[in-house]
Amino acid sequence: MHFQFDDRLNSFRQEVRDFVAANLPAHIVNRQRHKSFAPDDLHTAEWQAILHKNGWSVPGWPLEYGGTGWSPLQQFVFNDECAAADAPVFPWGPRDMVGPIIYTFGSDYLKETFLPMIREGRHYWCQGFSEPGSGSDLASLRTTAVRQGDSYIVNGQKIWTSGAAVAKWGFFLVKTDTSGKPQQGISFLIIDMSTPGISVRPIQQMDGDDHLCEVFLDNVAVPVEHLVGEEGKGWTYAKDLLDHERTGSSYIFWNKRELAKAREIASSETIDGIAVIDSEPFRSRLARIEAQLTALEWSVLRMLADEQTPWHPSALASCLKVRGAQLQQSITDLQMQAMGRKSLRFIAPQQMADFPVSTLWPDYLVGKTSVALITRAATIYGGTLQIQRTIIAKMAFGV
Ligand SMILES: Cc1cc2nc3c(=O)[nH]c(=O)nc-3n(C[C@H](O)[C@H](O)[C@H](O)COP(=O)(O)OP(=O)(O)OC[C@H]3O[C@@H](n4cnc5c(N)ncnc54)[C@H](O)[C@@H]3O)c2cc1C
């Protein structure tokens, strides 16, 4: 296959590049370069508001809900350019997950209430799916929602809820019926995180951050209007979310950006007087990873270009997730290799913004060790690699 962007896409890329160069504030770029992996809600919201003014904040949504009408390849180019310029990587939750679920299955009330705030990036959202004992086997979740008058009364516990401590809204899977098959009684609720009865406990992570949380729900009253779609259909909607994550799960833009940074580090750092980029073992590892990333990018582009494939979409999504997660780890490992002994110095996320950069500690080194540690989780979140391989075996090979 010979893949090339045509003139139209190339001039679109230039338009996006010019817009980003003119409108992405320097303080946001600076912060992106000195931060850990966790989404930065304030700067993300600021960037989202800038994009919103230009009509670009929810590119993939249908036109009637504020989308751009761009083709999948245009959206790819847009995300590619934003990431390359160090724009905040969006928390996927609102834009790519709950937003599409609301405009596809939600009531007019939900559309009118939530779609504008998501478009404008007004609030941070969290995803309350996993529970202690219900991660890979999500259908076994035990948080209940019992209808009482105009409310659901929610009781239970969620865990690993990213950003729950700063989220204004959350989308949750709860059990509204425990009598049938596990998948059948699951419903999809939008919950205001400041509702009485919710308590959030951050979990200390090995990268020094604590954006993952436990969420306890104790007699939390949720208005019935906040049920998305039909009661008991939450499992179907949650599976639909995965389709929206299909190409995002490859982390392609993040991987490209971080590989470019690995090159930058290796070109500047020396070991025993030799630039790391000139050392043979480093170069061959870099070449191997670059080839894998290019192959992944082309696979994503082939999907977006709608090239016919006999594979089931879930199997393709799982393939992208496996490769994307492995590359996140090998690219951050490569950065550690390029940093040599300096990678042993751990700078906590709280110290990154004010870290005194110097010739010895240039800004491209700040935060890298922390990010390398948190990317160990890339093969767990969004579904572990073992689970993805089982999906590939079933859906692609019928095993
Ligand atoms: C950084 C991070 C962020 C996260 N963010 C969120 C979030 O915002 N919201 C949310 O709801 N969840 C979130 N999660 C949770 C995540 O979805 C779960 O951790 C994941 O689904 C795995 O579930 P588990 O941790 O319960 O592990 P388990 O399901 O207990 O798995 C433990 C091990 O057993 C293996 N295993 C389990 N079942 C099988 C099987 N059938 N076949 C083969 N091997 C199997 C797994 O692959 C894994 O190696 C996050 C997790 C991490 C690490």
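### What to know about the domain arrangement of the protein chain
Then step 1. Along its sequence, the protein chain is organised into domain 1 (7-90), domain 2 (125-232) and domain 3 (246-397).
Then step 2. Here the C-alpha centroids of domain 1 and domain 2 sit 30 Å apart.

### Things to note about the environment of R147
Then step 1. Note that R147 resides in strand β2 (residues 144-148).
Then step 2. In the structure, R147 is positioned 74 residues away from A221 in sequence and 9.5 Å away in space, judged by C-alpha atoms.
Then step 3. Beyond its immediate chain neighbours, meaning those up to four positions away, R147 contacts Y152 and V224.

### Some thoughts on the nonpolar core
Then step 1. Within the largest apolar cluster, 53 residues are counted, with the highest numbers of intra-cluster contacts made by W47 and F282.
Then step 2. Among the secondary structure elements, those contributing two or more residues to this core are α1 (7-23), α2 (26-33), α3 (41-53), α4 (72-84), α8 (252-268), α9 (280-304) and α10 (313-339).
Then step 3. Counting the residues that make up this core, at least three belong to each of domain 1 (7-90) and domain 3 (246-397).
Then step 4. The contact partners of F282, leaving out residues within four places of it in the chain, are A262, A266, V276, I277, L334, Q337 and A338.
Then step 5. With 27 residues, the next largest nonpolar core counts M97, I190, Y237 and A238 among its residues.

### Overview of the packing of α9 against α10
Helix packing for two helices is described by the angle between their axes and how far apart those axes are.
Then step 1. Closest axis-to-axis distance for the α9/α10 pair is 10 Å, and the angle between their directions is 155°. Between α9 and α10, the angle falls in the class roughly antiparallel. Judged by the twist between their axes, the crossing of α9 over α10 is left-handed. Residues F282, R285, L286, I289, Q292, L293, L296, S299, V300 and M303 of α9 pack against L316, L320, R323, G324, L327, S330, I331, D333, L334, Q337 and A338 of α10.
Then step 2. Classifying every residue of the contact of α9 with α10 gives 13 nonpolar, 5 polar and 3 charged.

Parameters and conventions
- Residues numbered from 1 in each chain as written.
- Predicted model: local features only at pLDDT ≥ 70, side-chain atom pairs only at ≥ 80, totals over all residues.
- Heavy atoms only, no water.
- Domains from an automatic or database assignment.
- Helix = DSSP H or I, 4+ residues; strand = E, 2+ residues; numbered from the N terminus.
- Contact = heavy atoms within 4.5 Å.
- Core = buried A, V, L, I, M, F, W, Y, C linked by side-chain atoms within 4.5 Å.
- Buried < 20%, exposed > 50% of the residue type's maximum accessible area, 1.4 Å probe, protein only.
- Axes fitted to C-alpha atoms, helices over the stretch in contact; angles between N-to-C directions.
- Parallel < 35°, antiparallel > 145°, perpendicular 65-115°, else oblique.
- Left-handed = near helix turned anticlockwise from the far one by under 90°.
- Nonpolar A, V, L, I, M, F, W, Y, C, P; charged D, E, K, R; others polar.

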